[in-house]
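# Fold and contact review
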Amino acid sequence: MKYEKLAKDILALVGGKENVNSVFHCVTRLRFKLKDESKAKTEEIKNLDGVVTVMKSGGQYQVVIGNHVPDVYAAVLEVGGLSGVSESASNSDEKVGLGAKFIDMISGVFTPILGVLAATGMLKGFAALILALHWVEATSGTYNLLNIAGDGLFTFLPIFLGYTAMKKFGGTPFIGMAIAAALVHPGLTALSAGKPLYTLFKGTLFQSDIHITFLGIPVILMSYASSVIPIVLAAFFAVKVEKGFKKIVPDVVKAFLVPFLTIMVMVPLTFLVIGPIATWAGSLLGAATIWIYQLSPIAAGLILGGFWQVFVMFGLHWGLVPIAMNNITTMHYDPVLATVTFVSFAQTGAVLGVLLKTKNKKLKSLSIPAFISGIFGVTEPAIYGITLPLKKPFIMSCIAGGIGGGIIGAFGSKLWMFGGMGIFAIPSFIKPGAGLDMAFWGAMIAIVVSFVLGFIFTYLFGFKDTVSKEETKVEVIKQDGPVAVVSPIKGEIVPLSEVKDEVFSSEAMGKGVAINPSEGKVFSPVNGEVTLMFKTKHAIGLTSEDGAQILIHVGMDTVELEGKYFTAHVNQGDIVKAGDLLVEFDVEAIKAAGYQVVTPIVVTNTPDYQEVKVLQAGKVDKNEELLVLV
């Protein structure tokens, strides 16, 4: 297995398979529900080859992999023996907020079918495209078969959601499918034909014709094809009913009697109560979102487009998915997700800006696959690998995405079906039977503007280019002649033997000298690389171009200050020249805290030299020759 080692490493670092309640995946992420997140070694997971980053959101521990996530997921299941793990949220004792629970529930229900939902949406969009381009007629078998292939899943969506929702809530998936199949049974059409028996709620928004009754109770027959909310609610209550029957039904007949009783209770209950209430609620929700959107479509586009990538990072975008699906079900279109569908092109444009501007070979190599993924709507590699670490390119892409979303709002562009991402989402903006109208072309303009602005903003203002450590790493060439080391500090020379620390005074760390500083600045004494920067910033290690290894230790026991009164101007791995400012420190504050500021400067690879000569006595200024290594 190509990803066996990565899978083993991830499982080990999340606390072992015994710490995993469930695991599934979306387009780019492994989504774990862990029993104890504190056992997961996040930084070590981030450093694994093949892992982009780690996110924690909605009660999930998300390991971002990128395009290969299905293969890594399969490897995780294989090496961990996790194929039978339940994805039930009830298996976790973790206490999370209502918002996090909602996001987790939505992602758990919809994530398993997103791939096939996008695929069938693309098929339906392709059928709409060839019809709009007049390549086929609406009556042709080619168009109708393609349209049916794309529309089949959406028409019978409740059956698919019945499976995933029951599994998510901890019930038997096939019971959920059976309930959903009843909701979309073709025989319902005949039941609602003819003259109604009577009408309920006449003259109100909920007016309903009654054609049949169940045990004398009126049944409000509605169309549940393509619906979302009714089956999710029905599955939620079905799990409760199923668990109740499991407690009282004898084991010998449990296998068939529990499903029998659960379906017998839940199908009528869904038709009588859950279905109508959920359908009315869905209609009101759709009307409410459209009303809010229509207050200012441009403002809605600017806000959603600008913040969409932030929502994606924290998993908050799942909150809009059921709203969009509900809108398409109840109104046959959705303007909400339409405003953010092409934000990926702003991110992709930003990556292109980085790719063309940077001279960092590693960054270039990362940018190419991130750019390609972005074209197809998968932006996690771009976000976590390129733009977010550089900070400004991510901000630039958010600005460009907001402008693109505003353009879509201005043109009133809408999603008419769920389709793919990136360029594959384009046919989703074609209104069936309407052809390529201005709303469609407005979406195309948004793509171009988002991409171009993302590129321009990033290239001009987005980031300060740096060369990677690997490209600039100092090539150490050991010289046979003397090596000069200049003073890194201005102050008074103190012989190393007089330093009140036996480690330094005994020359156990190496030979050198100490300086009692008159100002709180440390400069580089050589041309070379910062090979050590303590997190407390009190000690700096350097390796010169000619192989000298220098340690500068500011004060005695100053590690106890934990970085207080110190400011670092370089990082470990940086390349520096003699005289570059490395660290600043507050001399008086350190003294007032009870610490000495005498600073040893020692050659830690002293055995590589015959002699370490001190060239100064008394006062010394920065950049004056201090030591010579022979």
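Residues numbered from 1 in each chain as written. Predicted model: local features only at pLDDT ≥ 70, side-chain atom pairs only at ≥ 80, totals over all residues. Heavy atoms only, no water.

## Regarding the side chain of Ser524
Along the chain, the position of Ser524 falls in the loop between strand 12 (521–523) and strand 13 (528–533). Within the structure, the side chain of Ser524 is placed 2.6 Å from the backbone oxygen of Val526, a separation counted as a polar contact. Leave out the neighbours within four places in its chain, and Ser524 touches Val486, Leu542, Val576, Lys577, Ala578, Gly579, Asp580 and Leu582. (Helix = DSSP H or I, 4+ residues; strand = E, 2+ residues; numbered from the N terminus. Polar contact = N/O pair within 3.5 Å; in protein donor to acceptor, adjacent residues only side chain to side chain. Contact = heavy atoms within 4.5 Å.)

## Quick word on the sheet that holds strand 20 (residues 612–614)
In space, the 3 strands of this open sheet follow the order 9-22-20, with antiparallel pairing throughout. What marks the edges here is a single partner per strand, and that holds for strand 9 (483–486) and strand 20. Sheet twist, expressed as the average angle between the axes of neighbouring strands with direction ignored, equals 25°. Sheet analysis places strand 20 next to strand 22 (residues 625–629), joined by 3 bridges and oriented antiparallel. Counted as the bridge partner of Lys613 is Val628 from strand 22. (Pairing = 2+ DSSP bridges. Axes fitted to C-alpha atoms, helices over the stretch in contact; angles between N-to-C directions.)

## Quick look at the environment of Thr28
One can find Thr28 in the loop between strand 1 (20–25) and strand 2 (29–34). Sequence-wise, Thr28 and His68 are 40 residues apart; in three dimensions their C-alpha atoms are separated by 7.4 Å. When residues no more than four places from it in sequence are discounted, the contact partners of Thr28 are Val63, Val64, Ile65, Gly66, Val69, Val378 and Glu380.

## Digging into the packing of helix 11 (residues 297–313) against helix 15 (residues 380–390)
Contact geometry for helix 11 and helix 15: axes closest at 11 Å, N-to-C directions at 100°. Comparing their axes, helix 15 and helix 11 come out roughly perpendicular. Along the contact surface, helix 11 presents Gln309, Val312 and Met313, while helix 15 presents Glu380, Ile383, Tyr384 and Leu388. A breakdown of the residues in the contact of helix 11 with helix 15 according to their chemical character gives 5 nonpolar, 1 polar and 1 charged. (Parallel < 35°, antiparallel > 145°, perpendicular 65-115°, else oblique. Nonpolar A, V, L, I, M, F, W, Y, C, P; charged D, E, K, R; others polar.)

## A look at the sheet that holds strand 2
Strands sit in the order 1-2-4-3 across an open sheet of 4 strands; the sheet is antiparallel. Two strands close off the open sheet at either side, each with one partner strand: strand 1 and strand 3 (53–57). Each strand axis lies, on average, 20° off the axis of its neighbour in the sheet, ignoring direction. The pairing of strand 3 with strand 4 (residues 60–64) spans 5 bridges and is antiparallel. Following the sheet pairing, Met55 is matched in strand 4 by Gln62.

## Focus: the pattern of salt bridges
For the structure shown, the criterion picks out 6 salt bridges. Glu242 is the salt-bridge partner of Lys246, the closest N and O atoms lying 3.7 Å from each other. Note that Lys246 and Glu242 are positioned in helix 9 (residues 229–248) at a spacing of 4 residues, about one turn of the helix. Lys246 gets classed as partly exposed once you look at its relative accessible area, which sits at 37%. We classify Glu242 as buried; its relative accessible area is 2%. (Salt bridge = Lys/Arg side-chain N within 4 Å of Asp/Glu carboxyl O. Buried < 20%, exposed > 50% of the residue type's maximum accessible area, 1.4 Å probe, protein only.)

## Comments concerning unusual backbone geometry
Non-glycine residue Tyr565 carries a positive phi angle of around 75°. Checked against the element boundaries, Tyr565 lands in the loop between strand 15 (549–553) and strand 16 (566–568). Its relative accessible area of 30% is what places Tyr565 among the partly exposed residues. For Asn623, which is not a glycine, the phi torsion comes out positive at approximately 70°.

## Looking at the packing of helix 13 (residues 343–357) against helix 16 (residues 392–411)
Viewed as axis vectors pointing N to C, helix 13 and helix 16 meet at an angle of 140°, and their least axial separation amounts to 8 Å. What the angle tells us is that helix 13 and helix 16 run oblique. Crossing handedness for the pair helix 13 and helix 16: right-handed. The residues of helix 16 that touch helix 13, namely those facing Val343, Ala346, Gln347, Ala350 and Val354, are Pro393, Phe394, Ser397, Ala400 and Gly401. Of the residues belonging to the contact of helix 13 with helix 16, the class tally is 7 nonpolar, 3 polar and no charged. (Left-handed = near helix turned anticlockwise from the far one by under 90°.)

## Structural notes on the nonpolar core
With 74 residues, the main nonpolar core has Leu157 and Phe342 as its most contacted residues. Look past the residues within four positions of Phe342 in its chain and what remains in contact with it is Ile408, Gly422, Ala425, Ile426, Phe429, Ala443, Met444, Ile447 and Ser450. By size, the runner-up hydrophobic cluster in this structure holds 35 residues, among which are Met533, Ala548, Val554 and Ile601. (Core = buried A, V, L, I, M, F, W, Y, C linked by side-chain atoms within 4.5 Å.)

## Observations concerning the side chain of Thr120
With respect to the helices, strands and loops of the structure, Thr120 is situated in helix 4 (residues 98–132). Those residues within four positions of Thr120 in sequence are excluded, and the remaining contacts are Ala149, Gly150 and Leu153.

## Section: a nonpolar patch on the surface
On the surface, Ile298, Leu302, Ile303, Phe307, Ile395, Ile399 and Ile403 cluster together into a nonpolar patch covering about 610 Å² of accessible area. Every element with two or more residues in the nonpolar patch is listed here: helix 11 and helix 16. No other element matches helix 11, which puts 4 residues into the nonpolar patch. Position of Leu302 among the secondary structure elements: in helix 11. (Patch = residues over 30% accessible without salt bridge, like charges linked within 9 Å, V, L, I, M, F, W, Y side chains within 5 Å. Areas by Shrake-Rupley, 256 points an atom, 1.4 Å probe, with all protein chains shown as cover.)

## Thoughts on helix 12 (residues 321–331)
Think of an α-helix as 3.6 residues a turn; residues three or four steps apart then line up on the same face. With 9 of 11 residues buried, helix 12 lies mostly within the body of the structure. Every buried residue of helix 12 is accounted for by Val321, Pro322, Ile323, Ala324, Met325, Asn326, Asn327, Ile328 and Thr329. Phi turns positive, to about 70°, at His332, one or two residues after helix 12.

## Focus on a positive patch on the surface
Positive charge collects at one region of the surface, where Lys490, Lys521, Lys619 and Lys622 lie side by side. Among the secondary structure elements, Lys619 is positioned in strand 21 (residues 619–620). (Lys, Arg positive; Asp, Glu negative; His and termini not counted. Charge placed at Lys NZ, Arg CZ, Asp CG, Glu CD.)

## Brief notes about the confidence of the model for the chain
Confidence in the prediction of the chain, expressed as mean pLDDT, is 86, and 92% of residues score 70 or more. Under a pLDDT of 50 for its full length, residues 84–94 has, in the predicted model, 25 contacts with residues more than four places off or in other chains. (pLDDT = per-residue confidence, 0-100.)

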